[in-house]
Amino acid sequence: MFIRIPVFARRFSSCISHRQTHHQQIEPNASYLHNKGSEPLTKTTLGEVLGQIANKYPERIAVRSVYEDLNLTYEELITKADSLGCALRANGFEKGDRLGIWSHNSAEWIVTLVAAARVGLISVLINPVYEISELGFCIKKTGMKGLMIGNAVNKRNYYNNLKRLIPEVDNSKAGALKSEQFPELSTIISYDKEHLSGVFTFDSLINNKIDNRISKYVSEVRPEDGSIIHFTSGTTGDPKAALDSHFGAVNNSHFIGKRNGFNEDHERICLQAPLFHALGSIVTSLSALSYGATLVLPSPTYNVPATINALLAEKCTSITGTPTMYVDIISQIRNNGDLPMQLRMVLAAGAPCSPQIIRDIQKYLKASSVLALYGLTETTASVFQSLPEDSLDVVAETVGYIQDHVEAKVINECGETVPFGSAGELMVRGYNNMIGYWDEPEKTNNTLAQDGWLSTGDKFTISPDGYGKVVGRIKDIIVRGGENIAPKEIEDLLNTHPDIIESQVVGVPDERLGEDLCAVIRTRDGVSIALDDINKHCSGRLAKFKIPRILKIIDKFPKTESGKIKKYRLKDLIESGKL
């Protein structure tokens, strides 16, 4: 994810790594921003915040799970969470123990997250499509004491897969698992209603009476304690386990929700992102719950028709999602005709969003406000986010205004702050930065300097008025004949072609140039596009060396569960001749 120090040393022998040179003077006109905040930071915990909201809005619906036909009021949410939390503590869990959640989106998933926060456990959020080897890595990496697993759905059987990884489950007593491979893991809990060998059912734990020690458990937790672990995408090796504090999660979700306008009225927010991802957990769920909003879950996994049905039937006022999710929704709307949407706000996050997609969102979803958000797993969630009053042009051309109480600067490969408008690596400092990568001090130090500056690995420009713009990922830069080329600039232009739905530009090996540009596109049904069409569309708008010389057409992009396109997989398909 991040450029390593030895790379700098080879290319710039006179430079000292920027990870060791954050003390330099900030010059006039240097790319440095500091938002001192519209209000003070709150020194509290997630458990306390969610308890206060439940007391304020006890009868209001907190979670509406459409596919489960289930409503949970705030009072029911906190009661179930406290019952679960007390049951876990009674079964040997202690403050700081890790509780994994390996499941699709559900009301129970949200109850589990709240329960862990209330009684001081650290939630470890696991991608539900992980294979058993990946699950095993997550369990071992974080030293989990407990694991929540989903009920069987959409051909996913978590319990059967878990038994392949840990066969001892079958012959264990619930809560007393003894595994040679995972010695710290003692407890498995399933959302399934039926009894499974060696496993507690979720219902059996939440039906217990709330222990009168719940207030003690809540008061034991400190704002600086760890709250949630998100795994990085792992595109450059094994995923890293980024640990967020309660302080970071509370305040980031507060300021995200405020910019989204969740503080102004009772919102009904459609959740289409997976809950294991920061877009689902922090940006959507916790920012919604911290303002007493209603979360609407259309389906267990990403499903475009279910999302559209939920928007209409549940009269959703807001929705969050990745750019590719909106591309899919807009494609359905184009095919089905105009729909009576009632959206006040649409937020695009999780991956860079082209200006054309932002404009299409406004046009087809008929939202009063379209907003963008930029952040990383390592920054809790938001670093830049659109302001409610931003024009569509500002939202389309930037990732928003620097978030409250956050510092940002852009540096070159020598660690020097570049002038405003010049491209370089974005560095971030603030309350929202992670505590660190779990059990990986060296990787933490390579990413997060002692003076608090975090290396994002993103190529960025920032402006004196506080707005940021993604130029590309530093590792995605294509070097063609000595020219450094950022794919995003080309993709943004290709996405304006009327017959192109999505595009990706990757570098492919070339004997003479080192790398050449290959455009991979998904077109509208029944449309044929040739390389000459690409050349005509780009000519006069891009320098000739930036115009792709190779074109591939794809029916469906390989994507992660959170909707990001797997660029490395595209390169593999091209280089192997399969595309």
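Quantities reported herein were computed from a predicted structural model and do not represent experimental measurements. (Residues numbered from 1 in each chain as written. Predicted model: local features only at pLDDT ≥ 70, side-chain atom pairs only at ≥ 80, totals over all residues. Heavy atoms only, no water.)

K.L.:
Sorry if this is basic, but what is going on with the packing of aromatic side chains here?
P.N.:
Both the distance between ring centres and the angle between the ring planes are used here to describe each pair of aromatic rings. Applying the stated criterion to the full structure yields eight aromatic pairs. Aromatic pair Y32 and W453: ring centres 6.4 Å apart, planes at 70°, arrangement edge-to-face. Separated by 421 residues along the polypeptide, Y32 in strand 1 (residues 32-35) and W453 in the loop between helix 15 (441-447) and strand 21 (454-462) bring together distant segments of the chain. On the basis of an interplanar angle of 65° and a centroid distance of 5.4 Å, the ring pair of Y401 and Y467 is categorised as edge-to-face. Here Y401 is found in strand 17 (residues 400-402), whereas its partner Y467 is found in strand 22 (residues 467-473), with 66 residues between them in sequence. Look at Y401 and you get partly exposed, because its relative accessible area is 24%. (Phe/Tyr/Trp six-rings, centres within 6.5 Å; stacked < 30°, edge-to-face > 60°. Helix = DSSP H or I, 4+ residues; strand = E, 2+ residues; numbered from the N terminus. Buried < 20%, exposed > 50% of the residue type's maximum accessible area, 1.4 Å probe, protein only.)

K.L.:
What is the right way to look at empty space enclosed by the protein in this model?
P.N.:
The rolling of a water-molecule-sized probe over the atoms marks out the regions of remaining empty space. The full count for this structure, using the stated rule, is three cavities of 30 Å³ or more. Within this model, the largest cavity holds a volume of roughly 120 Å³. Lining of the largest cavity is provided by Y326, V327, I330, S331, R334, Q356, I357, D360, N495, I500, I501 and R524. Looking at the lining of the largest cavity, the elements that each hand over two or more residues are helix 12 (323-336), helix 13 (355-365) and strand 25 (500-510). Among the elements that make up the lining of the largest cavity, the one with the highest residue count is helix 12 (five residues). Each residue belonging to the lining of the largest cavity can be placed in one class, and the counts come to six nonpolar, three polar and three charged. Of the volumes computed, that of the second largest cavity is approximately 90 Å³. The wall of the second largest cavity is formed by 17 residues, among which N105, Q272, P300, T301 and Y302 lie closest to the centre. Each residue belonging to the lining of the second largest cavity can be placed in one class, and the counts come to seven nonpolar, eight polar and two charged. (1 Å grid on protein atoms, 1.4 Å probe; cavity = no way out; pocket = protein on both sides within 12 Å on 5 of 7 lines; lining within 4 Å. Points joined across faces, edges and corners; volume = space filled by probe spheres on them. Nonpolar A, V, L, I, M, F, W, Y, C, P; charged D, E, K, R; others polar.)

K.L.:
How do you make sense of the packing of helix 9 (residues 246-260) against helix 10 (residues 278-289) when you look at a structure like this?
P.N.:
Axis angle and axis distance: for two packed helices, these are the angle between their axes and the distance between the axes, and together they describe the pair. Between helix 9 and helix 10, whose axes approach to 8 Å, the crossing angle comes to 80°. Between helix 9 and helix 10, the interaxial angle falls into the category roughly perpendicular. Contacts from A249, S253, I256, G257 and N260 in helix 9 reach I282, V283, L286 and S287 in helix 10. Across the contact of helix 9 with helix 10, the residue classes tally to five nonpolar, four polar and no charged. (Axes fitted to C-alpha atoms, helices over the stretch in contact; angles between N-to-C directions. Parallel < 35°, antiparallel > 145°, perpendicular 65-115°, else oblique. Contact = heavy atoms within 4.5 Å.)

K.L.:
In this structure, what is going on with the pairing of strand 10 (residues 241-245)? I would like to understand it.
P.N.:
Side chains on a regular strand alternate between the two faces of the sheet. Where burial is concerned, most of strand 10 is hidden: five out of the five residues are buried. Side chains of strand 10 alternate between two faces, with A241, L243 and S245 and A242 and D244 buried alike. Of the pairings in the sheet, the one linking strand 10 to strand 20 (residues 436-437) comprises two bridges and is antiparallel in character. Note that in strand 20 the partner of L243 across the bridge is G436. (Pairing = 2+ DSSP bridges.)

K.L.:
Just to check I follow, could you spell out helix 2 (residues 46-56) for this structure?
P.N.:
The α-helix winds at 3.6 residues per turn, so residues separated by three or four positions along the chain end up facing the same way. Considered for burial, the residues of helix 2 that qualify are L46, G47, V49, L50, G51, I53 and A54. Summarising the contacts, the buried residues of helix 2 are in contact with helix 3 (74-90), helix 4 (107-119), helix 8 (214-220), strand 9 (226-231), helix 9 and helix 10.

K.L.:
Just checking my understanding: could you explain the sheet that holds strand 25 for this structure?
P.N.:
In sheet architecture, strand pairing relies on hydrogen bonds along the backbone and comes in two forms, parallel and antiparallel. Judged by pairing direction, the sheet is mixed, and its three strands sit side by side in the order 25-26-27 without closing on themselves. Every interior strand has two partners, whereas the edge strands, strand 25 and strand 27 (550-553), have only one. Taken over all neighbouring pairs, the strand axes of this sheet differ in orientation by 25° on average, direction set aside. Contacts from helix 16 (residues 487-494) reach strand 25 and strand 26 (514-523) within the one sheet, and its direction differs from that of strand 25 by about 145°. Where helix 18 (residues 567-575) meets the sheet, its contacts fall on strand 25, strand 26 and strand 27, and the angle it forms with strand 25 comes to roughly 60°.

K.L.:
It is not clear to me how unusual backbone geometry should be interpreted in this structure. Could you clarify?
P.N.:
Among all residues except glycine, the phi angle is most often negative; among peptide bonds, the trans geometry is most common. Of note, N154 is a non-glycine position whose phi angle comes to about 50°, a positive value. Inspection of the secondary structure puts N154 in the loop between strand 6 (146-149) and helix 6 (158-165). The phi dihedral of K366 is positive, around 50°, even though this residue is not glycine. For K366, the location among the structural elements is in the loop between helix 13 and strand 15 (369-375). Its relative accessible area of 35% is what places K366 among the partly exposed residues.

K.L.:
Please explain the confidence of the model for the protein chain as it appears in this structure.
P.N.:
Low pLDDT means the predicted atomic positions in that stretch should not be read closely. Looking at the protein chain as a whole, the pLDDT averages 90, with 94% of positions reaching at least 70. Segment residues 1-25 is flagged for pLDDT under 50; beyond a separation of four residues in sequence, or across chains, it makes 57 contacts in the model. (pLDDT = per-residue confidence, 0-100.)

K.L.:
Is there a simple way to explain the pairing of strand 21 in this structure?
P.N.:
Of all nine residues in strand 21, eight are buried, a share of seventy percent or more. Taken together, the four bridges between strand 19 (residues 424-430) and strand 21 define a ladder with antiparallel strand orientation. If you follow M427 over to strand 21, its bridge partner there is S455. Here five bridges tie strand 21 to strand 22, and the two strands are oriented antiparallel to one another. Bridge assignment links D458 to a residue of strand 22, and that residue is R473. Hairpin connection from strand 21 to strand 22: four residues lie between these consecutive antiparallel strands, with G466 at a positive phi of about 100°.

K.L.:
Even after reading the chapter, I still don't get the sheet that holds strand 9, so can you show me in this structure?
P.N.:
The strand order across the open sheet built from eight strands is 8-7-6-4-5-9-10-20, with neighbouring strands paired in mixed fashion. The sheet is open, and its two edges are formed by strand 8 (200-201) and strand 20, each paired on a single side. Bridge analysis of strand 4 (residues 98-102) against strand 5 (residues 122-126) gives five bridges, and the strand direction is parallel. Opposite W102, over in strand 5, you have I126 as the bridge partner. Each of strand 4, strand 5, strand 6, strand 9 and strand 10 touches helix 5 (residues 132-142); the most contacted strand, strand 9, lies at about 150° to it. Packing against the sheet, helix 10 makes contact with strand 5 and strand 9, and its axis sits at approximately 135° to strand 9.

K.L.:
What is the right way to look at the packing of helix 2 against helix 4 in this model?
P.N.:
Closest axis-to-axis distance for the helix 2/helix 4 pair is 7 Å, and the angle between their directions is 115°. For the pair helix 2 and helix 4, the sense of crossing is left-handed. Residues L46, G47, L50 and G51 of helix 2 lie in contact with helix 4, whose contacting residues are V114, A117 and R118. (Left-handed = near helix turned anticlockwise from the far one by under 90°.)

K.L.:
What is the right way to look at the pattern of salt bridges in this model?
P.N.:
Should the charged atoms of two oppositely charged side chains come close, the side chains can pair. Applying the stated rule across the entire model yields 30 salt bridges. Here K258 ties to E39 by a salt bridge, and the two come within 2.7 Å at their closest N and O atoms. Taken together, the residues K258 in helix 9 and E39 in the loop between strand 1 and helix 2 connect sequence positions 219 residues apart. Judged by its relative accessible area of 26%, K258 is partly exposed. A salt bridge links E407 to R429; the shortest N-O distance between them is 2.9 Å. With E407 in strand 18 (residues 406-411) and R429 in strand 19, this residue pair connects regions lying 22 residues apart in the sequence. Residue classification places R429 among the partly exposed positions, given a relative accessible area of 26%. (Salt bridge = Lys/Arg side-chain N within 4 Å of Asp/Glu carboxyl O.)

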